[in-house]
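Observations on the three-dimensional arrangement
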Amino acid sequence: MNKQQAEKEIHQLRALIQQYNHDYFVLDAPQVSDAEYDRTMCQLLDLEDAYPELVTPDSPSQRVGAEPVGAFEKVAHRVPMLSLSNAFDEGELRDFDRRVRQGVEGDVTYVCELKIDGLAVSLTYEDGQFVRGATRGDGTTGEDITSNLRTIRSLPLKLKEPTTIEVRGEAFMPHKSFLALNQAREARDEEPFANPRNAAAGSLRQLDPKIAASRNLDVFLYAVGEWEEETLASHSERLETIQALGLKTNPEWKKCATIDDVIDYVNHWTVERPNLNYEIDGIVIKVDRLDQQEALGFTAKSPRWAIAYKFPAEEAITTLTDIELSVGRTGVITPTAILEPVKVAGTTVQRASLHNADFIDEKDIRLGDTVAIKKAGDIIPEVVRVITEKRPDNAERYAMPEHCPDCGSDLVHLEEEVALRCINPDCPAQLQEGLIHFVSRDAMNIDGLGEKVVGQLFREKLVQTISDIYRLEKPALLELERMGEKSASNLIQAIDQSRSNSLEKLIFGLGIRFIGSKAAKTLAAHFKTIDALAHATYDDLIAVDEIGEKMADSVVRYFSEPHVDELIKDLHALGVNMTFKGREPSTSVSDSPFTDKTVVLTGKLEHFTRKELKDTIEAMGGSVTGSVSKNTDIVIAGEAAGSKYNKAVELDIDIWDEARLQEALNA
Ligand code: IVH
C-alpha cells in the first residue's frame, strides 16, 4: 500500500470508528460487535503506526494521546457560565411560571430536562474539530481539561458539520463506572468516592489523561454558549441541532405547555429517578423560545428564563442514642447527636451537630428518639425531624445542663447569644482547648503536641497554662504513657524551635476572641512587639486597617486581664520571641486549583487539620478566610458544618466536600 492509499484507508477507518462510537456511546445502539470494533481500531492503529505523519488530533486513536500536564491552564469563558436559581417545591415552580408569563409576550412553552449531577463543562469546536474543553470554574474563568475530556468516548472529536460552536453540558460518571471504580479502589485499600459527582469531578481534574480515560465518564450537552452561525429560534431546536451535529444530548427532555405539565414531569422523574443509570439531582425547566429568553434576561448569577427544581435530599432513619456536650476554647457548649451508624448519600453517619439549645428545643429532640437525618447538600449530616410516633414512652424533653459538663460552673447566655457558655476562666476543658489552639499549626506550630499529648500533659498536671509548655523537660515527658526517648527529644526540640516564632504566631496562639490568624498578622506587622500591642488603646487599634470594633475591643479587654500580664512576662522569661520578624516572601503559585481563590473552611475534616489545610491552600496560592461572603470562591465543608455552610448555599458558592478537596490537592 502506498501512502496515498493508506491515507484513503485511514480516512475510511476513522469515519467507520466515529460512526461506531456514535452508535455505541451516544445513541446507545451498537451496530457492530465488540470484536468488529476492535478489529477496525487495530487496522487504524497499524496504519497510523506505519504513517505517523498521517496521525491527526481528531483521529479516534488519539483520545488518550496527551502527556500528563503539570497544571491546568486557565480558560476565560467569553459567555459567562451561569448557574441556576433553585425551586424546592411546587409552589416555587408556580411562582417561577408567574414571573415568566408576566415578563414575556405570547404563549410560553417550557423544556424540561433532567438535571444531571456531574460537572459543568464547556466544549469548543472550531470548524467541526474539538479544540478545547473547560470546567465552569467560577463561571468567568475555568480550567482547560481538554486532554481529559477527549477521553470521553461519547464526546465527538469531530462534528458532523465543520461549524464553530461552543456547547455546554454536564460530564458525569454513570453508575456502572462508579461502582467499578469504587470496587477497584477498595480492593487497593483506597478511599472510595462518596458519590458519582465527586468521582467525575476528581477524574476530570487528573493531570494524567490516562487516569481520566480509565474512569469511563460520559457527557450530555444541553446548552449553546456561543454560535455565530446560529439561526435557531428555540432551545428545543438547539437540542435537536446539537444532537444532529453528533453531540450527545439527554433523551428524556420534554416540551411542556403548562406549569401543570411541568409538575407532572417533575413528579414522574421523582419516582423514576432510581431507574436511571446515572445520577440526577433535580429537573431543569427552561423557557423554550429564545426571543422570550432574551426578553427575560439574567440576574447577576442566573437566567430568569430557567430554574432548577431540586429533589429533596436523601434521608435516613436512625436512633439518637446520646447527646454529647463539648466545651470549646471560648467556653461555648456545643451539643452533638450521637447516632446509630447509618448510611446516607454514600457515607456512614454517626454524629450530627445539634448546634445549640434552641435547635434541640425547636425540633424537640430527646434521647432515644428515632430521627430522620439527611446530609445537607449531600455533605453535612443534619437532624431533620423526630419521628415522634416512635418515641420511647419515658423520653423526657432534653434540657441543656445548667452547669459546665467539665468544670461544673454555672453556664450563661452572653448578651443576645443563643450559645450557652462556661465563663469560668479556669475551666479545664477550655484551658485544654486553649492549649491545643496554642500549639496548633497557625499558632506556635509545635509538632508532636497533638490533641492527645496535650490531653495527657494536662491530666498529668505537667502543663496547665501556656507558659508551662516552655517549662517542660525531657525526664517528665518520659513518664507519659507511650512517650519514647525519641518522641520526647523531638518534642523538646519542637518546643524550643517555637520560641523563635515571629510575633503573629504568638498573638494568634493566645486565642484572643475575634483575632484569627489574619488579624494576628495584621496586628504583629503594625505593632511589631507584644508590648506595643498590649499598650495599644482602642483608638490605636481601630486605626489599623482591617481591625474592626469588635476586634479592637477584644484586644483591649484581653490585655487588661491581670493574668495576661503575668503570662506575657513568664513567656518572655522563658525565652519566647515577642517581636515581629517580617513576612516570609510569599511564593505565588499561578496554576493550582486554589490560585487567587478565597476559601472558607467549615466543619470537621477527616484527613486534615484545619491548620494543615490552611497552610496547604496558602502554599498553593489561595487565601483562607473565616467567614463566607460573596467574595468567597470555595467553601470546604467537613462533617457537622453549620451556618457557614448554609450561607454558602444561600450565596450559591462552590461547596467542596473532602473527596473533592483531595482530588484538587492531588491534581
Ligand atoms: S442549564 C444558564 N441544564 O446544573 C445555566 N444545567 O446550577 C445553564 N446542570 O451549572 C445550565 N443538568 O452544571 C442546565 N439539563 C441541564 C443541567 C444543568 C445539570 C447543572 C449545570 C449547572 C447547574 C445549574
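Residues numbered from 1 in each chain as written. Predicted model: local features only at pLDDT ≥ 70, side-chain atom pairs only at ≥ 80, totals over all residues. Heavy atoms only, no water.

1. Topic: the overall build of the protein
Our working rule: Segments assigned H or I by DSSP are reported as helices when at least four residues long, segments assigned E as strands when at least two residues long, and all are numbered from the N terminus. Residue burial is assigned from relative accessible area. The probe radius is 1.4 Å, only protein chains are included, and a residue is buried under 20% of its type maximum, exposed over 50%, and partly exposed in between. In what follows, a contact means two residues having at least one pair of non-hydrogen atoms within 4.5 Å. Note on areas: Shrake-Rupley, 1.4 Å probe, and residue coverage restricted to the protein chains presented here.
Helix and strand content of the protein: 25 helices and 22 strands. The proportion of buried residues among the 667 residues of the protein is 48%. Look at the contacts in the protein between residues 6 or more apart in sequence, and 67% of them connect residues 24 or more apart. Looking at the protein as shown, the accessible area adds up to about 32,900 Å², and 48% of this sits on carbon and sulfur atoms.

2. Description of the packing of aromatic side chains
Test applied: Side-chain rings of Phe, Tyr and Trp (the six-membered ring for Trp) are treated as a pair once their centres are within 6.5 Å; stacked means planes under 30 degrees apart, edge-to-face means over 60, and tilted covers the remaining angles. Only when the NZ of Lys or the CZ of Arg is both within 6 Å of the ring centre and within 35 degrees of the ring normal is a charge said to sit over the ring.
Under the definition given, this model contains 13 aromatic pairs. Consider the rings of phenylalanine 220 and tyrosine 278, whose centres lie 5.3 Å apart with planes at 70°: the pair is edge-to-face. With a gap of 58 residues between them, phenylalanine 220 in strand β8 (residues 218-226) and tyrosine 278 in the loop between α9 (259-272) and β10 (280-287) connect regions that are remote in the sequence. The same class applies to phenylalanine 220 and to tyrosine 278, which are both buried. Ring geometry for phenylalanine 594 and tryptophan 656: centres 5.6 Å apart, planes at 50°, overall tilted. With a gap of 62 residues between them, phenylalanine 594 in the loop between α22 (562-573) and β19 (598-602) and tryptophan 656 in strand β22 (residues 654-656) connect regions that are remote in the sequence. When sorted by exposure, phenylalanine 594 lands in the same class as tryptophan 656, which is buried. Among the aromatic residues, those joined into a cluster by ring pairs are Phe172, Phe220 and Tyr278. The residue whose ring lies beneath arginine 660 is tryptophan 656, and the NZ or CZ to ring-centre distance is 4.0 Å.

3. Some thoughts on the site of the ligand
Our working definition: Whether a residue is near a molecule or strand depends on its heavy atoms: it is near if one of them lies within 4 Å of it. The definition of a polar contact used here is a pair of N or O atoms within 3.5 Å, where within protein one atom must be able to donate a hydrogen and the other to accept one, and adjacent residues in sequence count solely through side-chain atom pairs.
Residues in close proximity to the ligand total 13 residues, the closest being Glu113, Ile116, Glu170, Tyr222 and Lys286. Within the backbone of leucine 114, a nitrogen or oxygen atom sits 3.1 Å from a nitrogen atom of the ligand. A distance of 3.0 Å separates a nitrogen atom of the ligand from a polar atom in the backbone of isoleucine 116. Within the complex, the protein chains bury 87% of what would otherwise be the 520 Å² of accessible surface of the ligand. Listed by contribution, the elements that provide at least two residues to the shell around the ligand are β3 (110-116) and β10. Tallying contributions element by element places β3 first for the shell around the ligand, with four residues.

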